[in-house]
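# Understanding the architecture of this molecule
So you can see what is in the structure, the chains are spelled out below.
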Amino acid sequence: MKAINLVMTRKNSIAIEFDNILPELLFDKSLTQIQDSIIYMGNKQLPLSEFFEVEIEGDCQNSEDCLINIEGDLSRVKRIGFAMNSGKIIANSNVDFHVGALMTGGHITVNGDAESYAGREMTGGTLEIKGNVKEFCGSSYAGEWRGMSGGQIIIHGNVGKQLADFMLDGKIHIRGNCDILAGVHMSGGFIQIDGNVTQWIGGQMKKGIIVLNGKIDSMLPGFVFQEIVHNPLINGQYFIGKYRLYSGDRGVNGKGQIWIKE
Amino acid sequence: MIEKPIKDYDKEVKNCSCSYCGNNCDDITYLLKNDEIVGVRHACRIGASKIINDQDQRLLSPMIRNDEGILEETTWDVALDKTARLLHNSTRPVLYGWGETSVEAIKKGIKIAEITGSVIDNQSTICHGTSIQAFQNVGHPVMTLGEVKNRADVIVYVGTNPMDDHPRHLSRYTTFPEGFFRRNGRQDRTIITLDPKYTNTAKVSDKWIQFNMDEDYLLFNALRMLLKGEELEEKEVAGVSTQQLEELIKIMKNAEYGALFFGLGVSQTLAKQKNVDVLIQLIEDLNRYSKWSMLPMRGFFNVSGFNIALTSETGYPYGVDFSRGYPRFMVGETTTIDLLNRREPDFFMAVSADPGVQFPGYTIKHLVNIPTIQVDTHWGPYTELSDIVLPSTRVGVETEGTAYRMDSIPLFMKKVIDKPKNCHSDEWILTELYKRIEQLKQEDE
Ligand code: SF4
């Protein structure tokens, strides 16, 4: 196992972009090579060593055995684990936009909150955020018809608007509350929300499953109540309690399922 | 008070354009005396006041703020050199505005953004940007205002009040004019307004449907269900009775040609982009029964032109970030208000726009701490914040140029009078800036 430890030494109000700091790009690099990795700040390109102290522990043969451990205030560090395909990243702080977006594999843990676009269009791997997340988590990018299509997102806190917009596949588990428009345009995948949802869940949903363990004020008119099921088996997992099953969205002849705990 | 007709003029120039709102009225007559505008015909009250008071509060010379904080007149060379150097040395520059200038100037601005790694953004970021996102996601059944005038028998306004914002919209395009298939003008048309408020547009409509603020998304979803023939379980949706909604759908379904216009009352309420998204789908569904199209009510006369020019150059309509050398667009990340709220920009240039009027207070505070440049025709709140002022000319009055009407129709706007002596067109200013930045880049190499 190789651990690359990064400790932030300089924070700017202009955010920096971290696309080049990935296990698959750094696992076989020397200390100097890692220190020289390009970081983007606005229209400038600077070496990683301008912002972080770098330390290496151990060694590895492939990126799967590589861990990047990032310390300091990362609230202006964007694109942590962006398009990552293997290995592990631990960010011990709040992080900026696009954490884990377009990731295809590996594991990211954020010990704090995340800005918008977390896990957008991810196709594999696991993204775990211990705090809250802002908007468009697991969604599609602007103009794109495909959101998250694989992998797993676990959010311990609350999430903002438009969770899993255009989701195709994969799993999302929200332990906290969820703002409006979760699962809009969803056509596959599984979302579990343990907290409450403000309103308008599943609009224009074609397929996929949403399980809501908290409360919601009202359903969109495109959803029809089907039945009450005790301890339902949903997506290979038993949920304990009485659940109301709705199907829809009829507006798009959708066959999505929304299960709401009574 | 009744104003007397203006008789004291020596020249009439016909078929001029009004460079104010997205109606882009191009049937305006200017009345001149000694080559100055003394009167105007056919313009609405907003357009007329803008044209007649053109010389009031004009910026007439380039200015730089001195060490005491006072704006001092300077030469073009000094002002342009300083602007070019500041922009060239910045890390997160933002070039904002563009809604009230020509496409020719906008194209120069895009070139500058590209070579300096800037963010280039326009007023869509605070108005119909969300609508454009929805168009890019789910398509957009378009129409021209000419089609509406000649064909439409049912006009629906949602969350917009053109009687006050686009005063000639009803008289020139939708409600009152005689059309090829609507010989009796107003009598051949049904006008419906959906708005939480009883606006002046609602007052002249045949039907006003009041719905709850921020419940647009729910309302449009319910209308889609009714159109499909599904029954609603609720007696009331978004504050509107199901019976009223059924009546509305019946009228819309039976239209020969329906035209829907929507404003910021849709694109900027709670569900934003998704309101427009579901509204587009409602219009698509209506096309199974009749012919329906829709348009956003664009504000400034060339706000749409910026979106079209930028999309043709980069694929993105606004908020484009060239910092990595190629275009990127992310709502909330590369859009001006969000960048300013995050205190990221270290250079800000506003071209034909006044952020001092348009932006929230917290956002403006950051502008006090960074170099700010104004390229505009008139003194305004943003002049008070600017470090360098570059006085420009009015498109369609002192400079010719192209603008896109709200229905994306390009219109040529001709020059009517000469510009003030020491002012230059936006296009000239931006060309000069571009040359200077190129020079600085060569010196660096
Ligand atoms: S409606 Fe708009 S474009 Fe037409 S005259 Fe009035 S302000 Fe000018």
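The paragraphs below set out a description of the structure included in this document.

### Here we look at the overall build of chain A
If you tally the helices and strands in chain A, you get two helices and 19 strands. Its C-alpha atoms give chain A a radius of gyration of 20 Å, within 12% of the compact-globule value 18 Å for 262 residues. For the C-alpha atoms alone, the extent of chain A along its principal axes is close to 60 × 35 × 25 Å. Here chain A, with 262 residues, has 61% of them falling under the buried criterion. Counting contacts in chain A only where the partners sit at least 6 residues apart, residues at least 24 apart contribute 37% of the total. Of the side-chain charges in chain A, 24 are positive and 29 negative, and the distance between the mean point of each set is 8 Å.

### Thoughts on the nonpolar core
Among the nonpolar cores identified, the biggest contains 111 residues, and Phe18(A) and Phe52(A) are the most heavily contacted of them. It is helix H9 (residues 216–227) of chain B that contributes the most residues to this core, nine residues altogether. Ala84(B), Leu95(B), Ile115(B) and Leu390(B) belong to the second-largest nonpolar core, a separate cluster that totals 36 residues.

### What about the sheet that holds strand S2 (residues 28–33) of chain B?
Residues and elements named next belong to chain B. Judged by pairing direction, the sheet is antiparallel, and its three strands sit side by side in the order S1-S2-S3 without closing on themselves. Looking along the sheet, the strands with just one partner apiece sit at the ends: strand S1 (11–16) and strand S3 (36–41). Each strand of the sheet is rotated relative to its neighbour by a mean of 30°, with strand direction disregarded. Of the strand pairs in this sheet, S1 and S2 are connected by four bridges, and their pairing is antiparallel. Paired with glutamate 12 across the two strands is leucine 31, which belongs to S2. Contacts from helix H1 (residues 45–52) reach S2 and S3, with the element oriented near 170° to S3.

### As for the side chain of His88(B)
Residue and element names in this part refer to chain B. Here histidine 88 is to be found in helix H2 (residues 76–89). A distance of 2.6 Å separates a polar atom in the side chain of histidine 88 from a polar atom in the side chain of aspartate 444. If we ignore the near neighbours within four places in the chain, the residues touching histidine 88 are Ile437, Leu440, Lys441 and Asp444.

### Brief notes about the environment of Thr334(B)
Residues and elements named next belong to chain B. Locating threonine 334 in the fold gives a position in the loop between strand S16 (328–329) and helix H14 (336–341). Residue classification places threonine 334 among the buried residues on the basis of a relative accessible area of 2%. Considering only alpha carbons, one finds threonine 334 and threonine 125, 209 residues apart in sequence, at a separation of 9.9 Å. Residue contacts for threonine 334: discarding those within four places in its chain leaves Val119, Gly319, Asp321, Arg328, Phe329 and Leu339. At a separation of 2.6 Å, a polar atom in the side chain of threonine 334 contacts the main-chain carbonyl oxygen of glycine 319.

### Focus on the interface of chain B and chain A
Opposite the 42 residues of chain B that make contact, chain A presents 43 residues. Regarding the contact of chain B and chain A, the summed buried area is about 3600 Å², with carbon and sulfur atoms giving 49% of it. Interface area lost by chain B to chain A is led by Tyr217(B), Arg324(B) and Arg342(B), which between them contribute 18%. Our count for the contact surface shared by chain B and chain A stands at seven salt bridges. Residue Arg324(B) is joined to Glu17(A) by a salt bridge in which the shortest nitrogen-to-oxygen separation is 2.4 Å. At the junction of chain B and chain A, the tally comes to 23 residue pairs in polar contact (both at pLDDT 80 or more). Elements with a contribution of two residues or more to the side of chain B that touches chain A: helix H4 (129–138), H9, helix H12 (273–286) and S16 of chain B. Here the side of chain B that touches chain A gets six residues from one element, more than from any other, and that element is H9(B). In terms of residue class, the side of chain B that touches chain A is made up of 13 nonpolar, 12 polar and 17 charged.

### A few points about the site of the ligand
Residues in contact with the ligand, as listed here, are Cys18(B), Tyr20(B), Cys21(B), Asn23(B), Asn24(B), Cys25(B), Ala43(B), Cys44(B), Gly47(B), Pro167(B) and Arg168(B). Here the shell around the ligand is composed, by residue class, of seven nonpolar, three polar and one charged.

### Digging into the pairing of strand S6 (residues 66–71) of chain A
Residues and elements named next belong to chain A. The buried count for S6 comes to five of six residues, which makes it a mostly enclosed element. One ladder, built from four bridges, connects S6 with strand S8 (residues 88–91); its direction is parallel. Its bridge partner lying in S8, isoleucine 70 is registered against alanine 91.

### With respect to helix H18 (residues 426–444) of chain B
All names here are of chain B. Its 19 residues give H18 an end-to-end C-alpha distance of 27 Å, which sits within 8% of 27 Å, the value for a rise of 1.5 Å per residue. Those residues of H18 that sit buried are Asp426, Ile429, Leu430, Glu432, Leu433, Arg436, Ile437 and Leu440. All buried residues of H18 fall inside an arc of 160° around its axis, so they share one side.

### Things to note about the packing of aromatic side chains
Here a ring pair, both rings aromatic, is described through the centre-centre distance and the interplanar angle of the planes. Residues and elements named next belong to chain A. With the rule as written, the count across this model stands at 20 aromatic pairs over all chains. Between the aromatic rings of tyrosine 117 and tyrosine 141, the centroid separation amounts to 5.9 Å while the plane-to-plane angle is 40°, which identifies the pairing as tilted. Placement of tyrosine 117 in the loop between strand S9 (107–110) and strand S10 (126–129) and of tyrosine 141 in the loop between S10 and strand S11 (149–155) is noted, with a sequence separation of 24 residues between them. Tyrosine 141 gets classed as buried once you look at its relative accessible area, which sits at 10%.

### Regarding a nonpolar patch on the surface
A cluster of nonpolar side chains, Leu233(A), Tyr238(A) and Ile240(A), forms an exposed patch at the surface whose accessible area comes to about 370 Å². Along the chain, Ile240(A) turns up in the loop between strand S17 (237–238) and strand S18 (242–248).

Criteria and thresholds
- Residues numbered from 1 in each chain as written.
- Chains lettered and ligands numbered in written order.
- Predicted model: local features only at pLDDT ≥ 70, side-chain atom pairs only at ≥ 80, totals over all residues.
- Heavy atoms only, no water.
- Helix = DSSP H or I, 4+ residues; strand = E, 2+ residues; numbered from the N terminus.
- Rg over C-alpha atoms; globule rule 2.2 N^0.38 Å.
- Buried < 20%, exposed > 50% of the residue type's maximum accessible area, 1.4 Å probe, protein only.
- Contact = heavy atoms within 4.5 Å.
- Lys, Arg positive; Asp, Glu negative; His and termini not counted.
- Charge placed at Lys NZ, Arg CZ, Asp CG, Glu CD.
- Core = buried A, V, L, I, M, F, W, Y, C linked by side-chain atoms within 4.5 Å.
- Pairing = 2+ DSSP bridges.
- Axes fitted to C-alpha atoms, helices over the stretch in contact; angles between N-to-C directions.
- Polar contact = N/O pair within 3.5 Å; in protein donor to acceptor, adjacent residues only side chain to side chain.
- Buried area = accessible area lost by both parts, 1.4 Å probe.
- Salt bridge = Lys/Arg side-chain N within 4 Å of Asp/Glu carboxyl O.
- Nonpolar A, V, L, I, M, F, W, Y, C, P; charged D, E, K, R; others polar.
- Near = heavy atom within 4 Å.
- Expected span 1.5 Å × (residues − 1).
- Arc of directions from axis to C-beta.
- Phe/Tyr/Trp six-rings, centres within 6.5 Å; stacked < 30°, edge-to-face > 60°.
- Patch = residues over 30% accessible without salt bridge, like charges linked within 9 Å, V, L, I, M, F, W, Y side chains within 5 Å.
- Areas by Shrake-Rupley, 256 points an atom, 1.4 Å probe, with all protein chains shown as cover.

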